[in-house]
Structures are given as C-alpha cells and as structure tokens.
Amino acid sequence: MCFACMYATVGIGIMKVSIGIVGLPNVGKSTLFKLLTGRKVHIANYPFATVDPNVGVVPVPDERLKKLVDLLKVENITPAVVEFYDIAGLVKGANKGEGLGNQFLSHIRNVAVIVEVVRCFRDDSVAHIESGIDPIRDMDIVDLELRLKDEESAEKENLLSKKPKIILLNGSDQDVLKDVKEHIRSINTPFIVADLAKVDGVEQLIKEAFQRLNLINFFTINPTEVRAWPIKRGTKAPQAAGVIHSDFERSFIKAEAIHWKELMNAGGWSQARKTGKIRLEGKEYIVEDGDVLFIRHG
Ligand SMILES: Nc1nc2c(ncn2[C@@H]2O[C@H](COP(=O)(O)OP(=O)(O)OP(=O)(O)O)[C@@H](O)[C@H]2O)c(=O)[nH]1
Ligand SMILES: [Mg+2]
C-alpha cells in the first residue's frame, strides 16, 4: 500500500511545505518520489529520465491523529501535508547550464527544504553518471554546483546552498560505509539510510523534513474530523488561528487549549471541560506541539 493511501482524507494545508528531491542523475530520486506519493512516474535506468518536475502531496505521519480519532469516534483524519518535487538530475557544470542545468536550479529555488538522494547501492546494471560508487564525491558535486550558482545570484536571501537539507543515502546498511556517515556528521547535516529498492525508511524522511523546518502540529477537532495543522515552533495563538482561517487571526479572542495527551486521559472534550482541564489562553500564548485548540473569535 502506498504511504499516501493510509489516510482517508488528505486536506490541502494552508501552510505549504515543499520539499525538493535533488541529486545526480540515476540515483533513485523518482523511485523515492513514487514510494512517497504512490504515483506512477517515469523510472528508468538512464540519466535525465525526469525532465519536468513531478509534484505530489504526501501526508505527514502523526500517530497522535489515529489515537484522537479512536477516542473521539469521528470519521475523518486530515493530516498535515507536504509537497514533494521530483527534480531532474544535476551534473557537474549544472550552474553553467550543463545537463538540465538552469532549469534544475530554478526548481530548487522554489522549495523550502532539499532531500538529497545519494547513491550508495551497488548494482552494475544501473549506470552511474560518474565512474564508480563514491557518495562523498557525489555530495561534493551537488554542493559545489549549488554554491557556484549562489555566487552569481544577486538575491542573497534565497541561497540554494543554505537551504535546510536532509541527505538520503540510498542503499542497504552494508552499502553505506562508515566514512560516508562520518563525513555527513562532520558537515552537520541530518541523514537517513533508506534502501529504496526495499522500500525502507521513507516515513522517517518526512518526519525528519518536518523537524528540519522546525514545524510542529496542533490539532482541531469537530464532530466529523480531527485535523492537524503545521506551524513553526514558537507561533503564538492568534497566528496559529490564522492558519485555520485568515479571519481568525484578526478576530482572535481566546484559544481553548488542551494538550492531546491530557485530552486522552480525560476521555474526551466535554469530560475535560467538566474537570477544568481546558485552559483559556490569550494572544501571547505560544502553541505547543500536540495542543488541541478551539479558537474563540469575534
Ligand atoms: N539496485 C537498486 N536500484 C535502484 C535503487 N534505487 C533506484 N534504483 C534504480 O536506479 C534507476 C534510476 O532510478 P530513478 O529513480 O529513475 O533515478 P533518478 O534519480 O530519478 O534519475 P533521473 O531522473 O534520470 O535523474 C532505476 O533503474 C531504478 O530502478 C536501489 O536502491 N537499488
Ligand atoms: Mg527521475
């Protein structure tokens, strides 16, 4: 079953979190995209199989949603979502237009976070654009291309090489050698090992991306659904309300709030209210990960 199909409903989150899948040609980017989205995309054993970026919306896994749905006996879950872009492969000289160069780089400019797929798997039947398996060399190529492009960019706000990044080492545990892990640790970049041929580790990737962007979820509940809303950590209640509906920020009065765990312990919203567990929070309240909110607005 594709990961996206685990949820009954996939809402369109107001806060759009976009993730670009980046890397050399033929390293498994489209394979990852297909695993994440369940969409049929062109996967081929030759470089530049992908030209225009594929786009797919993927729910952010959050085990708390299922628990809340069971407690509250409502029908639907609307998870937070992220948008994945499967971008064309990058080669040496991309910054000067080699390969699908500039097109590729402009697509990266539009995403919030980069997932860099690095080939570690050994398979002679899959061609490598460079000679032989050398993950550190491959990471250096990508890094250099992004930095060279940045140097000629007038806009210093959107620098490609400064975007939050997660490295996905595509291969089995045996394929991923110690020196590769040590290298990535030394450049302070989060990484995961995922054997895309065996469909491992993909869920972890989305959670990691969420954390890398410093995002948390708060929840809303109504008689038919439990919904997750992604916000930046440190967001105050009125701005969080504004994610639900832009009017709610302006007309915010108070937020009724309870941490999801406390709601579980209480046995439901009305029980929590009876026992005085629902807090009334004002405009300065900083929403916490896992808060369940009901916004009072004028
Ligand atoms: N053995 C093995 N093959 C893989 C793995 N991941 C991807 N492949 C194969 O590698 C080839 C390239 O995969 P794609 O997902 O199309 O690669 P890509 O990075 O999207 O390539 P471009 O779009 O050309 O840049 C395909 O034949 C895949 O089946 C893996 O983990 N192990
Ligand atoms: Mg591809």
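From a predicted model like this one, the values you see are computed outputs, not experimental measurements.

Procedures and definitions
Each chain carries its own residue numbering, running from 1 in the written order of its sequence. Written order decides the labels, with chains lettered from A and ligands numbered from 1. Per-residue local features are limited, in this predicted model, to residues with pLDDT of at least 70; the limit for side-chain atom pairs, both in listing and counting, is 80 or more; totals at the level of whole chains, interfaces and linings are taken over all residues. As a rule, any residue with its backbone-derived C-beta atom within 6 Å of a molecule or strand is reported as near that molecule or strand. Numbered from the N terminus, helices here are DSSP runs of H or I no shorter than four residues, and strands are runs of E no shorter than two. Three categories are distinguished: nonpolar for Ala, Val, Leu, Ile, Met, Phe, Trp, Tyr, Cys and Pro, charged for Asp, Glu, Lys and Arg, and polar for the others, with Gly belonging to the last. Here the limits of each domain have been adopted from an automatic or database domain assignment. Placing C-beta atoms from the backbone, we regard two residues as in contact once those atoms come within 7 Å. Put simply, a nonpolar core is buried Ala, Val, Leu, Ile, Met, Phe, Trp, Tyr and Cys residues tied into one set by C-beta atoms within 7 Å. Three exposure classes are used, based on other C-beta atoms lying within 10 Å of a residue's own C-beta, which is placed from the backbone: buried for 20 or more, exposed for 12 or fewer, and partly exposed in between. Note on pairing: DSSP must find at least two bridges between two strands before they are called paired. To obtain each axis, a line is fitted to C-alpha atoms, and for helices this fit is confined to the stretch in contact; angles are then taken between N-to-C directions over 0 to 180 degrees.

J.: Help me understand the site of ligand 1, please; the structure alone is not making it clear to me.
T.: Taken together, 24 residues are adjacent to ligand 1, and Gly28, Lys29, Ser30, Thr50 and Gly89 come closest. The element contributing the most residues to the shell around ligand 1 is helix α1 (residues 29–37), with 3 residues. Tallied by class, the residues present in the shell around ligand 1 amount to 12 nonpolar, 9 polar and 3 charged.

J.: Help me out: how do you make sense of the domain arrangement of the protein in this one?
T.: Reports of interface size often rely on the accessible area that becomes lost once the parts have come together. Split into domains, the protein comes out as domain 1 (3–212) and domain 2 (234–297). The distance between the C-alpha centroids of domain 1 and domain 2 comes to 34 Å. On the domain 2 side, the residues contacting the 7 residues of domain 1 number 5 residues. Looking at the side of domain 1 that touches domain 2, its residues break down into 5 nonpolar, no polar and 2 charged.

J.: What should I look at first to understand the nonpolar core in this one?
T.: Membership of the largest hydrophobic core comes to 76 residues, with the highest contact counts inside it found for Ile21, Val82, Val115 and Leu168. Top contributing element to this core by residue count: strand β8 (residues 215–221), with 5 residues. Formed jointly, this core draws a minimum of three residues from each of two domains, domain 1 (3–212) and domain 2 (234–297). If we ignore the near neighbours within four places in the chain, the residues touching Val82 are Val17, Ile19, Val58, Val60, Ile206 and Ala209.

J.: Just checking my understanding: could you explain the sheet that holds strand β6 (residues 165–170) for this structure?
T.: To summarise the sheet geometry, strands pair through backbone hydrogen bonds and adopt either a parallel or an antiparallel arrangement. Spatial ordering of the open sheet is given by β2-β4-β1-β5-β6-β7, a layout of 6 strands whose pairing is mixed. Lying at the two open borders of the sheet, with one neighbouring strand each, are β2 (54–59) and β7 (191–194). Neighbouring strand axes in the sheet, compared pairwise and without regard to direction, differ in orientation by 25° on average. Relative to strand β5 (residues 113–119), helix α4 (residues 135–151) is tilted by about 145°, and along the sheet it contacts β1 (17–22), β5 and β6.

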